[in-house]
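Remarks on the overall topology
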Amino acid sequence: DDVESRGLGDVYKRQVIGFVSGIAGGFGVMMAQYFGAKNEENFRRSIATCYLLSAAFSVVVTAIAVPSAMPLLKVMNTGADIIDDAYSYIVTIFAGVTATFVYNLSASMLRAIGDSRSPLIFLILASILNIGLDFLCILVFKMGVMGAGVATVLSQLIAGLLCLVYGLKKYEILRTRREHFRWNMNFSWKHVKVGLPMALQFSITAIGIM
């Protein structure tokens, strides 16, 4: 039952995680354009804008995903014997969607300046952490299916923060100042116009699976 609950939860999870990965990838495209044009000021403004947009989208995605989890599980005809476990798993994932943004945005920042190796290393680290935390949360703390969700969120958060700290320490160009966070609607909208289509592209397969 635990395996089936997690499997059903993963189907829905892919849709939301795909959306987050896609929009962060779209933000990375904008950063890469400014970096390639050697426009350091707009590059830093882009990073700051992506921080703000990611925070906003984290709130919106969580506010939509968490309340809709149970209704969608019912629409998918989830069995009564596993629906509670499936719900606890995906709600845990969605409550921690900020962690997904942290990793994906940090990775996009590094890829934007041409470092595609470091995000892969931190992704491998996240996978190893996830496995270890699965054993810890499920077998040691007896948290059941929810423990698998907690392990996923924690592994992404730890890897994402390490990726961010690494990038800021190694690459001076990734460091922003207060003035870079001044909100500009037109500048922000440029990022959203690129990010949203990529987000929909990443999540459309998961929608089809559902």
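Quick note: structure is the one above.
Below you will find a few notes about this structure. Here the structure is a predicted model, which is why all the values come from computation and not from measurement. (Residues numbered from 1 in each chain as written. Predicted model: local features only at pLDDT ≥ 70, side-chain atom pairs only at ≥ 80, totals over all residues. Heavy atoms only, no water.)

**A look at the nonpolar core**
Core analysis: the largest hydrophobic core is formed by 46 residues, its most contacted members being Ile-23, Phe-27, Met-31, Phe-43, Phe-57 and Leu-174. Those elements giving two or more residues to this core turn out to be helix H1 (2-36), helix H2 (40-75), helix H3 (83-95), helix H4 (97-112), helix H6 (144-170) and helix H7 (185-209). The greatest single-element share of this core, amounting to 10 residues, is contributed by H2. For Phe-43, the contacting residues outside a window of four places in its chain are Met-31, Tyr-34, Phe-35, Ala-112, Ile-113, Ile-173 and Leu-174. (Core = buried A, V, L, I, M, F, W, Y, C linked by side-chain atoms within 4.5 Å. Buried < 20%, exposed > 50% of the residue type's maximum accessible area, 1.4 Å probe, protein only. Helix = DSSP H or I, 4+ residues; strand = E, 2+ residues; numbered from the N terminus. Contact = heavy atoms within 4.5 Å.)

**Here's the deal with the packing of H4 against helix H5 (residues 117-140)**
Between H4 and H5, the least distance of the axes is 8 Å, while the angle of their chain directions is 155 degrees. Comparing their axes, H5 and H4 come out roughly antiparallel. Residues Tyr-103, Ala-107, Leu-110 and Arg-111 of H4 form the contact with H5, whose own contacting residues are Ser-118, Pro-119, Phe-122 and Leu-123. Counted by class, the contact of H4 with H5 contains 6 nonpolar, 1 polar and 1 charged residues. (Axes fitted to C-alpha atoms, helices over the stretch in contact; angles between N-to-C directions. Parallel < 35°, antiparallel > 145°, perpendicular 65-115°, else oblique. Nonpolar A, V, L, I, M, F, W, Y, C, P; charged D, E, K, R; others polar.)

**With respect to a nonpolar patch on the surface**
There is a patch of nonpolar side chains on the surface, built from Ile-131, Phe-135, Leu-136, Leu-139, Val-140 and Phe-141 and spanning about 600 Å² of accessible area. For Leu-139, the position within the fold is in helix H5. (Patch = residues over 30% accessible without salt bridge, like charges linked within 9 Å, V, L, I, M, F, W, Y side chains within 5 Å. Areas by Shrake-Rupley, 256 points an atom, 1.4 Å probe, with all protein chains shown as cover. Salt bridge = Lys/Arg side-chain N within 4 Å of Asp/Glu carboxyl O.)

In short, geometric facts, not functional conclusions.
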